[in-house]
Structure formats: C-alpha cells, structure tokens
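Here's the letter readout for the chains.
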Amino acid sequence: MWPNLIAKAKEGGLDVIQTYVFWNLHEPQQGQYDFRGMRNIVRFIKEIQAQGLYVTLRIGPYIESECTYGGLPLWLHDIPGIVFRSDNEQFKFHMQRFTAKIVNLMKSANLFASQGGPIILSQIENEYGNVEGAFHEKGLSYIRWAAQMAVGLQTGVPWVMCKQDNAPDPVINTCNGMQCGKTFKGPNSPNKPSLWTENWTSFYQVFGEVPYIRSAEDIAYNVALFIAKRGSYVNYYMYHGGTNFDRIASAFVVTAYYDEAPLDEYGLVREPKWGHLKELHEAIKSCSNSLLYGTQTSFSLGTQQNAYVFRRSSIECAAFLENTEDRSVTIQFQNIPYQLPPNSISILPDCKNVAFNTAKVRAQNARAMKSQLQFNSAEKWKVYREAIPSFADTSLRANTLLDQISTAKDTSDYLWYTFRLYDNSANAQSILSAYSHGHVLHAFVNGNLVGSKHGSHKNVSFVMENKLNLISGMNNISFLSATVGLPNSGAYLEGRVAGLRSLKVQGRDFTNQAWGYQVGLLGEKLQIYTASGSSKVKWESFLSSTKPLTWYKTTFDAPVGNDPVVLNLGSMGKGYTWVNGQGIGRYWVSFHTPQGTPSQKWYHIPRSLLKSTGNLLVLLEEETGNPLGITLDTVYITSQ
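A quick note: this is a predicted structure, and the numbers were derived from the prediction, not measured.

What counts as what
- Residues numbered from 1 in each chain as written.
- Predicted model: local features only at pLDDT ≥ 70, side-chain atom pairs only at ≥ 80, totals over all residues.
- Heavy atoms only, no water.
- Pairing = 2+ DSSP bridges.
- Helix = DSSP H or I, 4+ residues; strand = E, 2+ residues; numbered from the N terminus.
- Axes fitted to C-alpha atoms, helices over the stretch in contact; angles between N-to-C directions.
- Salt bridge = Lys/Arg side-chain N within 4 Å of Asp/Glu carboxyl O.
- Buried < 20%, exposed > 50% of the residue type's maximum accessible area, 1.4 Å probe, protein only.
- Contact = heavy atoms within 4.5 Å.
- Domains from an automatic or database assignment.
- Disulfide = S-S within 2.5 Å.
- Arc of directions from axis to C-beta.
- Core = buried A, V, L, I, M, F, W, Y, C linked by side-chain atoms within 4.5 Å.
- Parallel < 35°, antiparallel > 145°, perpendicular 65-115°, else oblique.
- Left-handed = near helix turned anticlockwise from the far one by under 90°.
- Nonpolar A, V, L, I, M, F, W, Y, C, P; charged D, E, K, R; others polar.
- Polar contact = N/O pair within 3.5 Å; in protein donor to acceptor, adjacent residues only side chain to side chain.
- Phe/Tyr/Trp six-rings, centres within 6.5 Å; stacked < 30°, edge-to-face > 60°.
- Lys NZ or Arg CZ within 6 Å of the ring centre and 35° of its normal.
- Right-handed = clockwise from strand over helix to strand, strands pointing away.

Caption draft 1: Local environment of the sheet that holds strand β22 (residues 440-445). Taken in spatial order, the 6 strands make up an open sheet running β19-β28-β20-β25-β22-β23, and their pairing is antiparallel. In the strand order of this sheet, the two ends are held by β19 (396-398) and β23 (448-454), each with one partner. Averaged over neighbouring strand pairs, the angle between their axes works out to 25° when direction is ignored. Bridging between β19 and strand β28 (residues 515-519) involves 3 bridges; their strand directions are antiparallel. Bridging from a neighbouring strand, Arg 397 pairs with Gly 516 of β28.

Below, the structure written as structure tokens:
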C-alpha cells in the first residue's frame, strides 16, 4: 500500500512523511533484528524519496503511539535493575545501541539529507515532558544525556524533542496537540524554528468508546494560526493511521487506527478533511516567499479579530485575518472590507484577495460497504475446541499468583491460572471473588465456564464475583486472563502488572498457594492459523453450538476489483483474525459503546495479503460468536 498512500499524501499537498520507528518490531528478541516485509523501513523511506518527498524519522526509541508497551520490546523488562526512560545505565545502554543501529542503517543507505537523502529531521525520546517530573533529578539528567547521545551520532540533520520545553541545545523543542498556535510557548532558543510534530486529526479510539470526530474546519484553522504565528512545520497525526495488525495495539485500543484521518484506514480519501487541507496547503504555499523572507507584524482588527501580515516589499505581502468570535463579522484591512466567518482565518497571499478561508468547506464524500461473500453455510466452516487446562496439565508452577506481563512476556495475550480445590461441604454452592488487573477474565470450574468479566480503558482493574457449584471432592479451577494490549504510557512502565492478583472462595484466601500456569493457547503454540500449522490438529464439522474458546477455519476467494477488502465481524464476540497466517488484529464486537453499538465491526484485509483463490481465514472466538453471520465486504466511496 505504501506507494499509493504516499502518492495521495503528495497530491494532498504534503511535503514530508513522518514515521515512528518501532523498537519492538525491529528487535523482537535482544540482538535479533527484523527489517523484512512490512518492517522494511529503508524501503519505505526510499519509496518516499522516489516520490520527491522528505522524511521525519521519530526514532524514540520510546514512541507511545498507542503501540503495545509504548513500542519498547518486552525483553527490556527482564534486564535486572532497569528503569525505563531514566538516567539508568542499563536502559541508556540499550537505548543508545538501538538508536545507533537505526542511524547507521539510515547512513548506510545514504538517507539523511546531509548525504543527499530525504530525512530532514530526527526525533529522540517522545513527550518526555509528561513524565520527567516523576523521575526527579534522574529525569533532567536523562534528557540531557539523550540529547547529547543523539547529537553525537552525527547525522548532519537536526534532532527534535516533542513536548519538551527544556530540550537541550541544539535539539529543537516541538509542540504536540490540537491548538499549537495557541498553546505552544515557542522555541526555547532564538536560533530554533517553531515546529509542530503532532496535529491530531482525530484521536485514537478504544473498545467500548466512540471515535472522536474533529472537523476539517478546526484542523485548518489551527494550522493557519500556527503558520501565521511564524510556525515553520506542521505534521498531522495521523494523516493516514492504518491498521493495528497482529497484537501491536496498546491496552484497549481498537484495531482500526485513526480511521477519521484525511486518508482513512484503507487508504481512501476521507472528505472533507483531505480536500479542505489540500486547499489550505495550496494557499499557504502561495505565500511562501512572504512567509520565508518577509517581516511579520500582528495587530488587532477588532475586539476578537487579528491580522498577521508578512511583508517583504511593497508588492510582496501575505496576510492571515483571524476572527475568534462565534459570529460572522466584517472588518477593514488596508481600507478594504472583508467578511470573516465565525472562528476562521482568511488567507490573502497578496494581502488583497482571499485565496482560502478555514471555515468554508467544499469537498464532501461518503463511504459505504458492499457485501461480496457470505460465510452463512455451516459446511464452509471447520472448528477446533481449545482445551481447558487443569492444574495437572501445567508444568510452570508457583506458590503465588504471578504477574501476567512478566510471565507471558508478550508472546500471547493469554495466561492460564489453574489450581485444585477440595470440597467436602454439604453446601456445594460457594462464592468466588477474583480481583484482576487486566483486562479480561474467564473462570472455568471442572472445564465449564462459570463467569466472565472485563475492565475498560479508563479502569483496567475489576472484581469478578460468581457463584460456584462445586462437586464433592477435588475441583479443577482454571482462570483464563487476557490482556488487550499492554500499557503504553506513563513513568515506570517496567513496573506495570496485569492478570489475576487475588482470589477468595467463601472468604478463604487462595492467593498464596500452589498454582499452575500455561502461557497462551495450544492453537497459538501450534500456529493453527497458518496453512502448515492447521494440519497439526483435528478440525471438526461445524455444528450449531458455539462454545467459548473455539477456533473457526474456512477459505475464500478474493473479491474482483481493487476496492479495499474488509471482514464484517458484527456477529462475533471477542477474539483474533488471521488471513493466510497474517494477524489482522483483535476484534471485540461484544464490547459496546454507551450507544449500544460495537466500537469496530469491519476489519481490514489489505489486498497485498490475498491470493486470487483459496485464502485461509482462521478466527479464535474467545466468547460465543456466530461465524455464519460473517461477511466479506468491499469498501467504496460514494458521492454525498
């Protein structure tokens, strides 16, 4: 998808493509690097260069980005004495090693602007100002070290730190947010430009909540204001968001990422944002000479109206006329009347004629889905039931409840907690009370599901209370704890925990006793979602019953044409999808928004992952879904 996405960004008036570097994807195991396929960052940057655009490389290597663990690889967690993002020798050693690895990779391909390449800016760290205070003196010394380390790598291009008011010279402090024309304090040194690294075009969405809709008018207004106040660079976060494939999304973040961006999840133009911003970019670029070489003055045109004028000569002049009122007003500028719509900025490239107004939107379109294939025949599906392990089935043991993050090590979302409970009471019904710190918990007694509960993005912790019908004698109790992505932000990330934290049955504490553990599911271990792994288990015919922890398998042919392909999983509950062995991401249709609808029903399958015929589709359904309701759809743009 890269060439087409970059071309559409260029057509929309962009000059620079900004990208993070994902440490967890590129070094999944310590010292083992992966730059293949979708991880081929050099190829990505060369494609940008081939289309005549520039690059900002946000190395981080902590990136947040709604990426699981903030983009840090989980193996860092196991290094003794490590404290992430602090003046800590262990973290600094690995951070410098990875940063140098990426810089040297770019240098070897001649990709820095100093070598004739497209990379004009690099970023070290990410929004550290949000957490610096938590580390006290170790925070300030760390940020000084990070700046010195980055500059010492001698890339020949500037380094930036976003949301870092005290970025040490010569590193440039930059702004992130929605209103940097109003909120940014400006460069912390007179020889630094005013840069905006993240202008949020919407906001990331989480399961159980609705998407945040930001208008094209608001985005354009704030871009124009930033430029009017001598801003040099504005980057959209995101211009194209895309898909959180596999398990890359952080806690509770949906699989679709910034679908409300100017280019939607599928790479289609989303109006009015794309077209309105294209017009804005054309208007600003038509002012280039005055903006670059003119002298800026600003003055009031009324109680809530302002003029920002860039004058180079008597004939070269550009003006930005701002109205901050909620009503339309008429003002006089250079003895000419101008009507300014509410909350808008008019751009006058010659200080006379209005080329663009941020509140006047023309472009419109709508998006629709068309069903191409229904999976409504039971004969199309094969099923495999995941076994519920008991204490006797486990080899990992401990006399306490283990932390899920430390135990599963991000190899799976799932960790089984099992123990044995002997009961000889006359009253076979007991009360179970389990406290979990994320994110989902399913309780099984003697192989039967007795209860499920989950937290939310705002409150990952919860207590599950259920009545248990125990048999007289030995009972096998198994809990399946599931994380939905790992945390991605905040100080002391290495200290975060997840999973089952305490357990009581009839008031008796079972937290510290013999527990057996199993990391992940058997189907995951055998990779039954791949063509080769699928043959390792016995698949059965699909019947009407839908039990929890069931794998479903079928094949399908790719729809004709070039329209984006999506799976409509509206009939399912919670789980994962794979196509031809590639993880399409988590689905959680059963977690409804306050309005009673799923946060996400359609799941993107890039056409590059598809064959013309015989594509393997495998789903793991954690709850109880109905695969007969799944459809394969295509996405298209309609006129509105």
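Still to come is the rest of the account.
Caption draft 2: Molecular detail of the pattern of salt bridges. Applying the stated criterion to the full structure yields 23 salt bridges. For Asp 218, the salt bridge is made with Arg 214, and the minimal N-O distance between the two is 2.7 Å. Judged by its relative accessible area of 28%, Asp 218 is partly exposed. Across the pair Arg 312 and Glu 316 runs a salt bridge, and its minimum N-O distance is 3.2 Å.

Caption draft 3: Focus on the environment of Pro 487. Along the polypeptide, Pro 487 turns up in the loop between β25 (473-482) and β26 (500-505). Linking Pro 487 and Gly 70, residues 417 residues apart in sequence, is a C-alpha distance of 7.1 Å. Once residues within four sequence positions are removed from consideration, Pro 487 is found in contact with Thr 68, Tyr 69, Gly 70, Ala 251, Ile 405, Leu 493 and Arg 496.

Caption draft 4: Broad picture of the domain arrangement of the protein chain. Segmenting the protein chain into domains produces domain 1 (1-270), domain 2 (295-357), domain 3 (367-385 + 524-639) and domain 4 (396-520). Distance from the C-alpha centre of domain 2 to the C-alpha centre of domain 4: 62 Å.

Caption draft 5: Representation of the sheet that holds strand β18 (residues 382-385) within the structure. Strand order in the open sheet made by the 6 strands is β29-β18-β30-β35-β32-β33, with antiparallel pairing throughout. Whereas interior strands pair on both sides, the edge strands pair on one side only; in this sheet they are β29 (540-541) and β33 (582-588). Bridge analysis of β18 against strand β30 (residues 550-556) gives 4 bridges, and the strand direction is antiparallel. Within β30, the residue paired with Arg 385 across the bridge is Thr 550.

Caption draft 6: Region of the structure containing the state of the cysteines. Enumeration over the complete set of coordinates arrives at 2 disulfides. One disulfide bridge connects Cys 175 with Cys 180, the sulfur atoms lying 2.1 Å from each other. One disulfide, between Cys 175 and Cys 180, carries an S-S torsion of -85° and so falls in the left-handed class. Across this residue pair, the class does not change: Cys 175 and Cys 180 are buried.

Caption draft 7: Layout of helix α1 (residues 2-11). Looking only at α1, the buried set comprises Leu 5, Ile 6, Lys 8 and Ala 9. Along the long axis of α1, the arc covered by the buried residues comes to 160°, so they all point the same way. Those residues of α1 that are buried lie in contact with β1 (16-20), α3 (41-50) and α8 (273-285). Just past α1, the residue Gly 13 takes up positive phi, approximately 95°.

Caption draft 8: Spatial organisation of the nonpolar core. Leu 57, Leu 76, Met 106, Leu 280, Phe 320 and Ile 347 are the most contacted members of the largest nonpolar core, which has 81 residues in total. Here the element with the most residues in this core is helix α7 (residues 216-228); it accounts for 8 residues. Excluding residues that lie within four positions of it along the chain, Met 106 makes contacts with Ile 41, Val 42, Ile 45, Leu 57, Leu 111, Phe 112, Gln 115 and Ile 119. Membership of the second largest hydrophobic core comes to 50 residues, among which are Val 253, Ile 528, Met 572 and Val 589.

Caption draft 9: Region of interest: the packing of α1 against α3. Orientation of α1 relative to α3, taken along the N-to-C sense of each, is 40°, at an axis distance of 10 Å. Considering the angle they form, α1 stands oblique to α3. Every pair of crossing elements has a handedness; the one defined by α1 and α3 is right-handed. Residues Trp 2, Pro 3 and Ile 6 of α1 form the contact with α3, whose participating residues are Arg 43, Phe 44, Glu 47 and Ile 48. Partitioned by chemical class, the residues of the contact of α1 with α3 number 5 nonpolar, no polar and 2 charged.

Caption draft 10: Spotlight on the environment of Ser 436. Along the chain, Ser 436 turns up in strand β21 (residues 429-436). The exposure class of Ser 436 is buried, given its relative accessible area of 0%. The residues touching Ser 436, leaving out its near neighbours within four places in the chain, are Leu 441, Val 460, Ser 461, Phe 462, Gly 499, Leu 500 and Arg 501. Within the local environment of Ser 436, its side chain forms a polar contact with the backbone nitrogen of Gly 438, the two atoms lying 3.3 Å apart.

Caption draft 11: Broad picture of the pairing of strand β35 (residues 615-621). Counting buried positions along β35 gives 7 out of 7 residues, so the element sits mostly inside the fold. Of the two faces of β35, the one lined by Asn 615, Leu 617, Leu 619 and Glu 621 and the one lined by Leu 616, Val 618 and Leu 620 are each fully buried. Sheet topology places β30 next to β35; 7 bridges connect them, and they run antiparallel. The residue bridging Phe 556 from the neighbouring strand is Asn 615, located in β35. Note: strand β32 (residues 574-579) against β35, 5 bridges, orientation antiparallel. Paired with Tyr 576 across the bridge in β35 is Leu 620.

Caption draft 12: Focus on the packing of aromatic side chains. For the coordinates displayed, the defined rule picks out 42 aromatic pairs. When the ring of Tyr 384 is compared with that of Trp 539, the centres are 6.2 Å apart and the planes differ by 55°; the resulting orientation is tilted. On the criterion of sequence distance, the pair formed by Tyr 384 in strand β18 and Trp 539 in the loop between α11 (522-525) and β29 is long-range, its members being 155 residues apart. In this structure Trp 539 comes out as buried when scored by relative accessible area, which is 13%. Centroid distance Tyr 417 to Trp 515: 6.4 Å. Interplanar angle 90°. Geometry classified as edge-to-face. Remark: Trp 515 occurs in strand β28 and Tyr 417 occurs in strand β20 (residues 414-423); sequence separation between them is 98 residues. Across this residue pair, the class does not change: Tyr 417 and Trp 515 are buried. Directly above the aromatic system of Trp 588 lies the positively charged group of Lys 574, at a separation of 5.3 Å from the ring centroid.

Caption draft 13: Inspection of unusual backbone geometry at higher detail. A cis amide bond links Asp 169 to the next residue, Pro 170, at an omega of 0°. By the element assignment, Pro 170 lies in the loop between β4 (159-162) and β5 (172-177). Residue Pro 272 follows Glu 271 across a cis peptide bond; omega there is 10°. Within the secondary structure layout, Pro 272 lies in the loop between β9 (256-257) and α8. Here the phi dihedral of Gln 334 falls at roughly 55°; this positive angle occurs in a residue that is not glycine.

Caption draft 14: Main features of the pairing of strand β2 (residues 54-60). Most of β2 sits out of view: 6 of its 7 residues are buried. Bridge analysis of β1 against β2 gives 5 bridges, and the strand direction is parallel. When the sheet's bridge partners are listed, Val 16 is paired in β2 with Tyr 54. Handedness of the β2-helix α4 (residues 89-108)-strand β3 (residues 119-124) crossover: right-handed.

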